[in-house]
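Here is how the chains run, residue by residue.
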Amino acid sequence: MTIFLTGATGYIGSYVVNGLMSEHGQKLKLLVRAKSQKEGAERLWKSLQLHMDFPAFHAYLNERIEIVLGDLTDRQFGLSDDAFRKLAHETSSILHVAASLNRKSNKACFNTNLRGTLEVLKLARAAQDHHGLRRFSDVSTTAVTGECKHQVIHEDEAIDWNKSDWDPYSRTKKFCEHMVHELLPDVPVTVFRPSTVLGDSRFAATTQFDMLRAFVFFAKLPVLPLEGEWRYDFVPADYVGAGIVAVHMQDKPEHDAYNLSSGTASPTFRDVVEEMESHGGPRHVFLPFLEKPFGSAIDKLMDTPREWGIAPGASLMKVFYPYITYDTVFDNARIQKVLGRAPAPFTDYCFEL
């Protein structure tokens, strides 16, 4: 069995590659954007060094990993017709993890998420038509639910075309799910929807920074424009990776979509604040009536002169602020049944992270 995987050099992709290598015996073909095999191997090692030592990586690279040099947004990934055909003929299942999370850029999201997914689907179609594809797994996001407030959302309720989307990321990922089902009607498809992935519950190290910077910014504010009882669905990357690997490797998953989330066990902002305070963090006051004024202040700070150094941070907050204030969690009963456990609570590791 040979699995073709995109996004191996990304944050979640590194967890998926590590899980497949350490728990299963399959060979992997990893799409990596690089000019040479050496450069591709260096990029892959950079993403995997959180998970393994170099001797283990070197052994995997020699025995079970093949780097496919290509660009997700190029026709056939930039491969020749013969090379693309050979890749299709040797692929038994596909894990599409790569995505642009640039919530501010229509261009980045449309190119990577829509055009890139279409190229992966063309590979899946070729493999299915040649010998049959065991599974196509698409890593999406809970953001496909669109604008919502104060809800618990189950997998079958996620897609509502009448709802407005949060941003280009949520909009394009929703349409990617649509393309997968429309273009692969005869292929077993699994969709994974991680909530906000933040850190690893096992150690205080990460290669993922934007959302962490947003969290740290809020953690340092003495006054929070939030309601203390609002919940936020943070989930650790180790749980997300384990869920993707476990379901993709099943012969017949019970469902075609899984929330990878903390669900109704998600902590409230008050829970998180009290945990941070117990470690010496600053005390906080919750003033939810400041939610809209705070949002307006972010908009104004985005327009400040670049030399002031404020605009980049304000732009980051503009992207994440709606997600912080929507008080919505995503039921995770399906993935808990597969893994036999719930994710570690964010309060268990937030201070160390």
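Everything here concerns the structure above.
Because the structure is predicted, anything quoted here is derived from the model rather than measured.

Novice: What's the story with the overall build of the chain in this structure? I'm lost.
Specialist: Regarding its fold elements, the chain presents twelve helices and 13 strands. Here the C-alpha radius of gyration of the chain, 21 Å, is about what a compact globule of 353 residues would show, namely 20 Å. A principal-axis box enclosing the C-alpha atoms of the chain has dimensions of 60 × 45 × 45 Å. Of all 353 residues assigned to the chain, the portion counted as buried reaches 55%. Across the chain, every contact between residues at least 6 apart in sequence was considered, and the portion connecting residues at least 24 apart equals 80%. Total accessible area computed for the chain in this model is approximately 15,800 Å², and 52% of it derives from carbon and sulfur atoms. Charged side chains of the chain number 39 positive and 45 negative; the gap between the two group centres comes to 5 Å.

Novice: Could you clarify how one ought to interpret the side chain of T2 in this entry?
Specialist: Inspection of the secondary structure puts T2 in strand β1 (residues 2–6). The buried category is assigned to T2, whose relative accessible area is 16%. Dropping the residues within four chain positions of it, T2 is found in contact with K27, K29, E90, T91, S92 and S93.

Novice: What's the story with empty space enclosed by the protein in this structure? I'm lost.
Specialist: Scanning the entire structure with this criterion turns up one cavity of 30 Å³ or more. Size it by volume and the largest cavity reaches roughly 180 Å³. Lining the largest cavity are 14 residues, and of these F215, F218, A219, F269 and V272 sit closest to its centre. Elements that contribute at least two residues to the lining of the largest cavity include exactly α7 (210–219) and α9 (269–278).

Novice: Would you mind going over the state of the cysteines with me for this structure?
Specialist: One covalent bond between the sulfur atoms of two cysteine residues makes up a disulfide. Tallied over the full model, the rule gives zero disulfides. With no disulfide of its own, C148 lies closest to C109 among cysteine sulfurs, the gap being 18 Å. For C148, a relative accessible area of 4% gives the class buried.

Novice: I'm lost on the pattern of salt bridges in this one. Help?
Specialist: Close approach of charged atoms allows side chains of opposite charge to pair. Counting across every chain of the model gives 20 salt bridges. Measuring nitrogen to oxygen at the nearest pair gives 3.8 Å for the salt bridge that ties R75 to D81. Here D165 and R171 are joined by a salt bridge, their closest N and O atoms 3.5 Å apart. Residue classification places D165 among the buried positions, given a relative accessible area of 16%.

Novice: Would you take a moment to explain a nonpolar patch on the surface for this structure?
Specialist: A cluster of nonpolar side chains, namely I159, W161 and F175, defines an oily patch on the protein surface of about 290 Å² accessible area. Locating W161 in the fold gives a position in the loop between β6 (151–153) and α6 (168–183).

Novice: Before we go on, may I ask you to explain the layout of surface pockets in this structure?
Specialist: Picture a little ball the size of a water molecule; that probe, rolled over the atoms, points out where space is still empty. Reported here for the largest pocket is a volume of approximately 1,300 Å³. Lining the largest pocket are 47 residues, with G10, Y11, A99, S100 and L101 positioned closest to its centre. Contributing elements (two or more residues each) for the lining of the largest pocket: α1 (11–23), β2 (27–32), α6, β8 (196–197), α7 and α11 (311–324). A per-element tally of the lining of the largest pocket places α11 first, with four residues.

How each quantity is defined
- Residues numbered from 1 in each chain as written.
- Predicted model: local features only at pLDDT ≥ 70, side-chain atom pairs only at ≥ 80, totals over all residues.
- Heavy atoms only, no water.
- Helix = DSSP H or I, 4+ residues; strand = E, 2+ residues; numbered from the N terminus.
- Rg over C-alpha atoms; globule rule 2.2 N^0.38 Å.
- Buried < 20%, exposed > 50% of the residue type's maximum accessible area, 1.4 Å probe, protein only.
- Contact = heavy atoms within 4.5 Å.
- Areas by Shrake-Rupley, 256 points an atom, 1.4 Å probe, with all protein chains shown as cover.
- Lys, Arg positive; Asp, Glu negative; His and termini not counted.
- Charge placed at Lys NZ, Arg CZ, Asp CG, Glu CD.
- 1 Å grid on protein atoms, 1.4 Å probe; cavity = no way out; pocket = protein on both sides within 12 Å on 5 of 7 lines; lining within 4 Å.
- Points joined across faces, edges and corners; volume = space filled by probe spheres on them.
- Disulfide = S-S within 2.5 Å.
- Salt bridge = Lys/Arg side-chain N within 4 Å of Asp/Glu carboxyl O.
- Patch = residues over 30% accessible without salt bridge, like charges linked within 9 Å, V, L, I, M, F, W, Y side chains within 5 Å.

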